[in-house]
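A closer look at the structure
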Amino acid sequence: MTCRFIIMRKILFEGLLRHRFTERPAPVGAAPLAELAANVDRAARRRLGRSLSIRQVDAGSCNGCELEIHALNNVFYDLERFGLRFVASPRHADVLLVTGPVTKNMREALEQTYNATPNPKWVIAVGDCAVDGGLFADSYAVSGGVSATVPVDLHIRGCPPSPVQLLEGLLALLQSEETKNRA
């Protein structure tokens, strides 16, 4: 018993002295992030007359993209302060953020969610899997990317895309819709 205790203590102290195995995150300044989120909110208010409501739909993903999407609600990004919010029902949503390849089990549910979302509505395929099936494209259980099931307005590539990329995608979508309406 004493030998195990000595070995465990040695492992513990070595772990405390060793450097971390993970990489440090890239520094994202608070000012550029706040400006980006404020631009998204301004564009949404110009386009819709109110803030943007987002519904996230998991069509069969590995949850990597969901972690990044949920990071938008954490203390650092805190989208609620800019008026952007996630809603629980597609009936209250303006944007559907769809992640993962569309599995055969989720195809009908995604179609029903799309049909329940009021117009004007936009669909964003988030992550490589949502764009074209990604790593799972050849699986017997996958129908394909999101665009094989519902019309997609914007693709955001990445495995997974960062929260900043998601915000940039939302802004690009709103700005492209503004230019379509002006023409």
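Residues numbered from 1 in each chain as written. Predicted model: local features only at pLDDT ≥ 70, side-chain atom pairs only at ≥ 80, totals over all residues. Heavy atoms only, no water.

**Some words on the overall build of the chain**
When helices and strands are counted, the chain shows 6 helices and 7 strands. When the helices and strands of the chain are read in sequence order from the N terminus, they spell out α-α-β-α-β-β-β-α-β-α-β-β-α. Split into buried and exposed, the 183 residues of the chain put 42% on the buried side. Put simply, of all contacts in the chain between residues at least 6 apart along the chain, 80% involve residues at least 24 apart. Summed over its atoms, the accessible surface of the chain is roughly 10,900 Å², and 56% of this surface lies on carbon and sulfur atoms. (Helix = DSSP H or I, 4+ residues; strand = E, 2+ residues; numbered from the N terminus. Buried < 20%, exposed > 50% of the residue type's maximum accessible area, 1.4 Å probe, protein only. Contact = heavy atoms within 4.5 Å. Areas by Shrake-Rupley, 256 points an atom, 1.4 Å probe, with all protein chains shown as cover.)

**Things to note about the pairing of strand E1 (residues 53–58)**
Sheet analysis places E1 next to strand E2 (residues 85–86), joined by 2 bridges and oriented parallel. Pairing of Ser53 across the sheet is with Arg85, part of E2. In this fold, the crossover linking E1 to E2 by way of helix H3 (residues 64–71) has right-handed handedness. Relative to strand E3 (residues 95–99), E1 runs parallel, the two sharing 5 bridges. Bridge pairing in E3 links Ile54 to Val95. (Pairing = 2+ DSSP bridges. Right-handed = clockwise from strand over helix to strand, strands pointing away.)

**Here's the deal with the pattern of salt bridges**
Within this structure, the stated rule accounts for 3 salt bridges. Between Glu111 and Arg107 there is a salt bridge, with the nearest N and O atoms lying 3.7 Å from each other. Here Arg107 and Glu111 lie together in helix H4 (residues 107–116), a separation of 4 residues that amounts to about one turn. Using a relative accessible area of 30% as the deciding quantity, one classes Arg107 as partly exposed. Of the charged contacts, one joins Arg157 and Asp128 as a salt bridge, the two residues approaching to 3.3 Å between their closest N and O atoms. In this pair, Arg157 is assigned in the loop between strand E7 (154–156) and helix H6 (163–182) and Asp128 in helix H5 (residues 128–132), connecting sequence segments 29 residues apart. (Salt bridge = Lys/Arg side-chain N within 4 Å of Asp/Glu carboxyl O.)

**Topic: the nonpolar core**
Core analysis: the largest hydrophobic core is formed by 28 residues, its most contacted members being Leu52 and Ile124. Of all the elements in the fold, those that place two or more residues in this core are helix H2 (30–48), H3, E3, strand E5 (122–126), E7 and H6. Core analysis: the next-biggest nonpolar cluster, separate from the first, contains 13 residues, Ala59, Leu96, Val123 and Val150 among them. (Core = buried A, V, L, I, M, F, W, Y, C linked by side-chain atoms within 4.5 Å.)

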